[in-house]
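These are the residues of each chain, in order.
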Amino acid sequence: MNIDWAALASVFGVSLVVTVALVGLFTLGITGLAKLVPSARGGGAGALARTGAYACFALCAGAVAYGIYLIVA
């Protein structure tokens, strides 16, 4: 049995980077939703924060769906 250590290290590195990026993106989404403060003016900053948070969640969902696609296909 011969193990390709370079390929194993490459897979480990890519997995680590993608995992940290995905967790960071999800954290940005949670933080964006948590910082929403109801304003008396009905301001655009709250809508912008909500939109950014939803975009983060959509990117997370897309990454998970792509990972499932890679496993199944």
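Below is a summary of the structure that appears in this document. Quantities reported herein were computed from a predicted structural model and do not represent experimental measurements.

**Here's the deal with the overall build of the protein**
Thinking step 1. From N to C terminus, the protein includes two helices and zero strands.
Thinking step 2. Rg of the C-alpha trace for the protein: 18 Å, well past the compact-globule value of 11 Å for 73 residues, more than 25% over.
Thinking step 3. Projected onto its principal axes, the C-alpha positions of the protein cover 70 × 25 × 10 Å.
Thinking step 4. Split into buried and exposed, the 73 residues of the protein put 7% on the buried side.
Thinking step 5. Of the roughly 5,800 Å² that the protein leaves accessible, carbon and sulfur atoms contribute 75%.

**Re the state of the cysteines**
Thinking step 1. Following the criterion strictly, the structure yields zero disulfides and no others.
Thinking step 2. Cysteine cysteine 60 shares no disulfide, and the gap to the nearest cysteine sulfur, in cysteine 56, comes to 6.9 Å.

**Remarks on the packing of aromatic side chains**
Thinking step 1. This model, assessed by the stated rule, comprises two aromatic pairs.
Thinking step 2. A ring pair is formed by phenylalanine 26 and phenylalanine 57, whose centres lie 5.3 Å apart and whose planes are at 55°; its orientation type is tilted. Residue phenylalanine 26 is found in helix H1 (residues 5–34), and its partner phenylalanine 57 is found in helix H2 (residues 44–72); the two are separated by 31 residues along the sequence.

**Describing a nonpolar patch on the surface**
Thinking step 1. Together, Met1, Ile3, Trp5 and Leu8 make up a nonpolar patch on the protein surface, roughly 550 Å² of accessible area in all.
Thinking step 2. In this fold, methionine 1 is placed in the segment before H1.

Rules used throughout
- Residues numbered from 1 in each chain as written.
- Predicted model: local features only at pLDDT ≥ 70, side-chain atom pairs only at ≥ 80, totals over all residues.
- Heavy atoms only, no water.
- Helix = DSSP H or I, 4+ residues; strand = E, 2+ residues; numbered from the N terminus.
- Rg over C-alpha atoms; globule rule 2.2 N^0.38 Å.
- Buried < 20%, exposed > 50% of the residue type's maximum accessible area, 1.4 Å probe, protein only.
- Areas by Shrake-Rupley, 256 points an atom, 1.4 Å probe, with all protein chains shown as cover.
- Disulfide = S-S within 2.5 Å.
- Phe/Tyr/Trp six-rings, centres within 6.5 Å; stacked < 30°, edge-to-face > 60°.
- Patch = residues over 30% accessible without salt bridge, like charges linked within 9 Å, V, L, I, M, F, W, Y side chains within 5 Å.
- Salt bridge = Lys/Arg side-chain N within 4 Å of Asp/Glu carboxyl O.

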